[in-house]
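# Coordinate analysis (summary)
Spelled out, the chains give:
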Amino acid sequence: MNDQQITDIVRSGRGRMPGFPKLGQDELSALLQYLSTTNAPAEAPSGNSSVASSSLSDAGAALFRQNCAFCHGRDAQGGETGPDLTQSRLVRRDVGGNRISEVVRNGRPEKKMPAFHFSNQEIYSLVAFIHEQQAKAASRPGGRRGVEAADLQTGNVAAGRRYFNGAGNCASCHSPTGDLAGVASRYEGLQLEEQMLYPRDVKSRVTVTLPSGKKIAGTVAYLDEFNVALRDADGNYHSWAIAKVKYKLDAPVNAHADLFGRYTDDDIHNLMAYLQTLR
Amino acid sequence: MKLPRHKAVLAAGVLSALAVLPHSLLSQDLNPAELLHPSADSWPGYHGDYSGRRHSHLTQITPLNVGALSLAWAFQTDQTAQIKSSPLLVDGVLYFTVPENIWAVDARSGHQVWHYTYPPSPGDHIGNRGVGMYKGWLYFMTPDCYLVSLNAKDGTVRWKVQVADVKKGYWTTVAPMVIKNHIIVGVSGDLDNLTGYLRSVDPETGETQWQWDSTPPAGTPNSTTGGMTWIPGTYDPSLNLLYWGTGNPTPVLNGKPRPGDDLYTCSIVALNPDTGKLVWAFQVSPHDTHDWDAVEIPVLVDGNFRGQPRKMLMQASRNGYFFVLDRTNGKSLLTVPYGPVNWTLGVDKEGRPIPNPAKEPAPDGRLIAPDEGGLTNYRSPSFDPRTGLFIVDAHPSYSIYFAKPADGAYGWAGADYGLWGKGVIEAIDYRTGKIRWSHEVGAGGSGAGVLTTDSGLTFTGDGYGNALALDSGNGKTLWHAGTGAPMQSSPISYELDGRQYIVTSSGGVMFAWALPHSSSAVSGSVDGSHKHP
């Protein structure tokens, strides 16, 4: 039975089995993954495929231990600075390694994950292992390890709103009906809290003044002690030796870093409670 | 200008600091006495010498001429693991590593002499710090916890001995340390509740001479495990004390099963290297719950402290504090933060930080400074005796730490996530802990070690792949070169054929820098008679 057939039955029901028309796409994907990794002799065309897939994920487990466990934990549930892969949306959406392989091969340099030049077979084994771990974690009844959205609900919405408009000074850049409208639909749980505390993907802006006096502005593409580069409004890339130009950086994201020395833990939990109301 | 050398016979095991050094011109041979006073044309141990100061007396490269520093050669390892090892330079050959690999490279030409690979092994491949050398033999740790002894001249294996059981969760990354006739190795492993230890092994046979356990056996009630011994220590030959840092406790983020200080995790310990007996211990992080190993280099400095001459030990530790101890007895002289910290209630009268229970990992998270990687990590700092500055690559940072009952009491037992950090090279005045100058090295952090020289230069790297030479007096950049990947090791320096080299690595490439052959500095003398401002 293929994924579409399973999906149809789950959604519409069959005989005495009820339908689940409101099941979300993410949950459906997880269900399909779980079903595909369960040993179910009656379903498998031959006994070999489930044996083959379990030895592939065994090989992936060994490779994962050597190279990934240091950050992502031996069970892929993360926590050692590396994310919990079993709660990862990218992993849930991955089909046959199409998304996972990209991350493994390129790394995430801005997050300090190195690139790994594994062979295709090694990548398949890792993908099998990661999907298996995700399925295992999802099937555990309660009290699963790792940070879940339910863990992060200890704050007070009114106190969070006061902090947003008061001591946190968030309102000077952000608006609950403007840029933050629906933020809790775009991010949830740990990801929302991390973005709230420091939004990593935000690009800063820079204005460069050439010796002629001409100014060029854009988003920062590169900046170190010696060189500055930007993409202008048309998407063109320009770079200069810093010794030859003047530049002014506009990085409102720094306000997030400035708050770190001022937050109490209660402030953070309250803010989280407030932001989660912005669906 | 070389000192005259002549051969002398040394009785086995009897070494005096005044012994002359037999030095064969034709073989890869290192007498352990060389480690006591390394010659200008060598870098015979992880730190160069036993002090851990990573400070070179060479002065050919100066603040005035470093702007002309250029590439002498680069060696490409053609593989993707990043070099994290400190190379050794003995008899004109450089030895450096990544997990399961040792390269021997001719330091004059940058060409390979030999390359050794250990068969693919289980165990974490997070990194390898390098080899140790004793006579004509190298010593190397593998991810699956074997100590391998090889012939330095051709990389053939003499023997290997198992130091820990990889199936229990140990792995090894350390550069073995050579003291007299002891090869001293440490172990790693935080994903399981395991006892940490140091082991001394006979260089000829591989037999265990002694083992010192940092924590009690796993399963001891109300007791900790952990205390891994990740990084090579330092040694004072006149006190005959080996100094080593120990790692964090396990379970890592859950402190409830292990109440109390959790000795000897997160500690600086002084051992007798001949017996392995503990002489004194100072705990850098009592009852740690943030994975902050205290394995950073315990740098040995003789100098004045509050008007009195002192034999000191200094550590810029992962937990955010800079410690100065009296290394004869482990007593604290100074404990002060060198960056943002928010997890303590202050410092106790013994000089130990007092952990704030409200900042232990919690189910809904606690904001912690620094992050798990720490205010610094394995890369080496440098102490510059001329300026009295302790120079370290620091990482001001913030993170959130979580732990809840479902995370259990085994291994990591929780979750932590870095939020933000940056890299700053800080020059700390050891007498007060005040930061005399700082030099930003990039959003995210650097990770490069630091080397200083007698001519007033500081060599390090930034987070963007630039190798840097800074003025040790004020931190200003005097030279840089874009190497294409951030340095994840610590620089070394030596003199060969009248030319001073700085050797750095980044990515999988080893770079040797020197003044151009034609430079007048190079045709002058190397070590002291050269004029500098």
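Residues numbered from 1 in each chain as written. Chains lettered and ligands numbered in written order. Predicted model: local features only at pLDDT ≥ 70, side-chain atom pairs only at ≥ 80, totals over all residues.

## Notes on the overall build of chain B
Helix and strand counts for chain B stand at 1 helix and 39 strands. Its C-alpha atoms give chain B principal-axis dimensions of about 65 × 50 × 50 Å. Buried positions account for 60% of the 533 residues belonging to chain B. Here the analysis covers contacts within chain B between residues at least 6 apart in sequence; of these, 58% occur between residues at least 24 apart. (Helix = DSSP H or I, 4+ residues; strand = E, 2+ residues; numbered from the N terminus. Buried ≥ 20, exposed ≤ 12 C-beta atoms within 10 Å, placed from the backbone. Contact = placed C-beta atoms within 7 Å.)

## Examining the overall build of chain A
Along the backbone of chain A there are 12 helices and 5 strands. In terms of overall dimensions, chain A is more spread out than a globule: its C-alpha atoms have a radius of gyration of 24 Å, far above the 19 Å expected for 279 residues. Looking at chain A as a whole, 27% of its 279 residues qualify as buried. Taking all contacts inside chain A whose residues are at least 6 apart in sequence as the whole, residues at least 24 apart take part in 58%. (Rg over C-alpha atoms; globule rule 2.2 N^0.38 Å.)

## Describing the nonpolar core
With 131 residues, the main nonpolar core has B:Val131, B:Met133, B:Leu138, B:Met314 and B:Phe390 as its most contacted residues. Apart from the residues within four sequence positions on either side, B:Met314 is in contact with B:Val299, B:Val301, B:Phe323, B:Val324, B:Phe383, B:Phe390 and B:Tyr430. Counting 48 residues, the second-largest nonpolar core is a separate cluster that includes A:Cys68, A:Ile100, A:Leu126 and B:Ala415. (Core = buried A, V, L, I, M, F, W, Y, C linked by C-beta atoms within 7 Å.)

## Quick look at the interface of chain B and chain A
Counting residues at the interface gives 39 residues for chain B, matched by 38 residues for chain A. Of the residues in the side of chain B that touches chain A, the class split is 17 nonpolar, 14 polar and 8 charged. (Nonpolar A, V, L, I, M, F, W, Y, C, P; charged D, E, K, R; others polar.)

## Observations regarding unusual backbone geometry
Cis geometry is adopted by the peptide bond preceding B:Pro251, which originates at B:Thr250 and carries an omega value of -5°. By the secondary structure assignment, B:Pro251 is in the loop between strand S18 (249-250) and strand S19 (267-271). Geometrically, the link from B:Ala369 to B:Pro370 is a cis peptide bond, its omega value of 0° lying close to zero. Mapping B:Pro370 onto the fold places it in the loop between strand S27 (366-368) and strand S28 (382-384). Phi is positive for A:Asn169, close to 60°, though the residue is something other than glycine. Looking at where A:Asn169 falls in the secondary structure, it is placed in the loop between helix H8 (157-165) and helix H9 (183-186). Accessibility expressed as a C-beta count within 10 Å gives 15 for A:Asn169, which makes it partly exposed.

## Quick notes on the environment of B:Tyr501
Residues and elements named next belong to chain B. Here tyrosine 501 lies in strand S38 (residues 499-506). Overall, tyrosine 501 belongs to the buried group, with 26 C-beta atoms counted inside 10 Å. Note: C-alpha distance between tyrosine 501 and isoleucine 61 (440 residues apart in sequence) is 8.7 Å. Apart from residues lying up to four places away in sequence, tyrosine 501 is in contact with Ala72, Ser493, Tyr494, Leu496, Ala512, Trp513 and Ala514.

## A word on the sheet that holds strand S20 (residues 278-283) of chain B
Residue and element names in this part refer to chain B. Read across the sheet, 4 strands follow the order S16-S17-S19-S20 without closing on themselves; strand pairing throughout is antiparallel. Edge positions in the sheet fall to strand S16 (234-236) and S20, since each has one partner strand and no second. When strand polarity is set aside, the average angle formed by the axes of neighbouring strands in this sheet is 20°. Two elements, S19 and S20, share 5 bridges in a ladder whose sense is antiparallel. Bridge pairing links isoleucine 268 to phenylalanine 282 in S20. (Pairing = 2+ DSSP bridges. Axes fitted to C-alpha atoms, helices over the stretch in contact; angles between N-to-C directions.)

## Describing the environment of A:Asp3
Residues and elements named next belong to chain A. In this fold, aspartate 3 is placed in helix H1 (residues 3-12). A count of 15 C-beta atoms within 10 Å places aspartate 3 in the partly exposed class. The spacing of aspartate 3 and arginine 14 is 11 residues in sequence and 16 Å in space, taken between C-alpha atoms.

## A closer look at the environment of A:Leu180
Residues and elements named next belong to chain A. Relative to the helices and strands, leucine 180 resides in the loop between H8 and H9. Residue classification places leucine 180 among the partly exposed positions, given that 18 C-beta atoms sit within 10 Å. For the pair formed by leucine 180 and arginine 162, sequence separation is 18 residues and the distance between their alpha carbons is 16 Å. Those residues in contact with leucine 180 that lie beyond four places of it in its chain are His174, Ser175 and Leu278.

## Quick word on the packing of helix H10 (residues 189-197) of chain A against helix H12 (residues 265-275) of chain A
Residue and element names in this part refer to chain A. H12 packs onto H10 with a crossing angle of 115° between their chain directions and a minimal axis gap of 10 Å. Between H10 and H12, the angle falls in the class roughly perpendicular. The chirality of how H10 crosses H12 is right-handed. Contacts between H10 and H12 pair Leu192, Glu193, Met196 and Leu197 from the former with Ile268, Leu271, Met272 and Leu275 from the latter. (Parallel < 35°, antiparallel > 145°, perpendicular 65-115°, else oblique. Left-handed = near helix turned anticlockwise from the far one by under 90°.)

## Examining the sheet that holds strand S4 (residues 237-241) of chain A
All names here are of chain A. Across the sheet, which stays open at both edges, the 5 strands sit in the order S4-S3-S2-S1-S5 with antiparallel pairing between neighbours. Each edge of the sheet is formed by a strand with only one pairing partner; in this case those strands are S4 and strand S5 (246-250). Neighbour-to-neighbour, the strand axes of this sheet turn through a mean angle of 40°, independent of strand direction. As defined by bridge partners, strand S1 (residues 205-209) adjoins strand S2 (residues 215-223) across 5 bridges and the pair is classed as antiparallel. Bridging from a neighbouring strand, arginine 205 pairs with threonine 219 of S2.

## Some remarks on the domain arrangement of chain A
Its domain assignment divides chain A into domain 1 (3-139), domain 2 (150-200 + 255-275) and domain 3 (205-252). Distance between the C-alpha centres of domain 2 of chain A and domain 3 of chain A: 31 Å. (Domains from an automatic or database assignment.)

## Quick word on the pairing of strand S17 (residues 241-245) of chain B
All names here are of chain B. The buried fraction of S17 amounts to 5 of the 5 residues, a majority that puts the element mostly inside the structure. Of the two faces of S17, the one carrying Leu241, Tyr243 and Gly245 and the one carrying Leu242 and Trp244 are both buried. Relative to S17, S16 runs antiparallel, the two being bridged by 3 bridges. Paired with threonine 234 across the two strands is tyrosine 243, which belongs to S17. Joining the antiparallel neighbours S16 and S17 is a turn of 4 residues, in which asparagine 240 adopts a positive phi near 50°. In the sheet, S17 pairs with S19 via 4 bridges, with the strands oriented antiparallel. Bridge pairing in S19 places tyrosine 243 opposite alanine 270.

## Points about the confidence of the model for chain B
Residue and element names in this part refer to chain B. Here chain B averages 93 in pLDDT, while 93% of its residues score no lower than 70. Low pLDDT, under 50, characterises residues 1-24; the stretch is placed with 25 contacts to residues that sit more than four places away or in other chains. pLDDT under 50 marks residues 529-533. Its contacts with residues more than four places away, or in other chains, come to 11 contacts. (pLDDT = per-residue confidence, 0-100.)

## So, the packing of H8(A) against H12(A)
Residues and elements named next belong to chain A. Direction vectors running N to C along H8 and H12 enclose 100°, while the axes themselves pass 7 Å from each other. Looking at the two axes, H8 sits roughly perpendicular to H12. Touching Val157, Ala159, Gly160, Arg161, Tyr163 and Phe164 of H8 are Asp267, Asn270, Leu271, Ala273 and Tyr274, all from H12. Its residues placed into classes, the contact of H8 with H12 shows 7 nonpolar, 2 polar and 2 charged.

## Points about the confidence of the model for chain A
Mean pLDDT for chain A: 88, with 92% of residues reaching 70 or above. Residue range residues 39-51 of chain A is modelled with pLDDT below 50. Its contacts to residues more than four positions away, or to other chains, number 4 contacts.

## Some thoughts on H12(A)
Burial analysis of H12(A) places 8 of its 11 residues in the buried class, which makes it a mostly covered element. Listed as buried for H12(A) are A:Asp267, A:Ile268, A:His269, A:Asn270, A:Leu271, A:Met272, A:Tyr274 and A:Leu275. Here the buried face of H12(A) lies against H8, H9 and H10 of chain A together with S27 of chain B.

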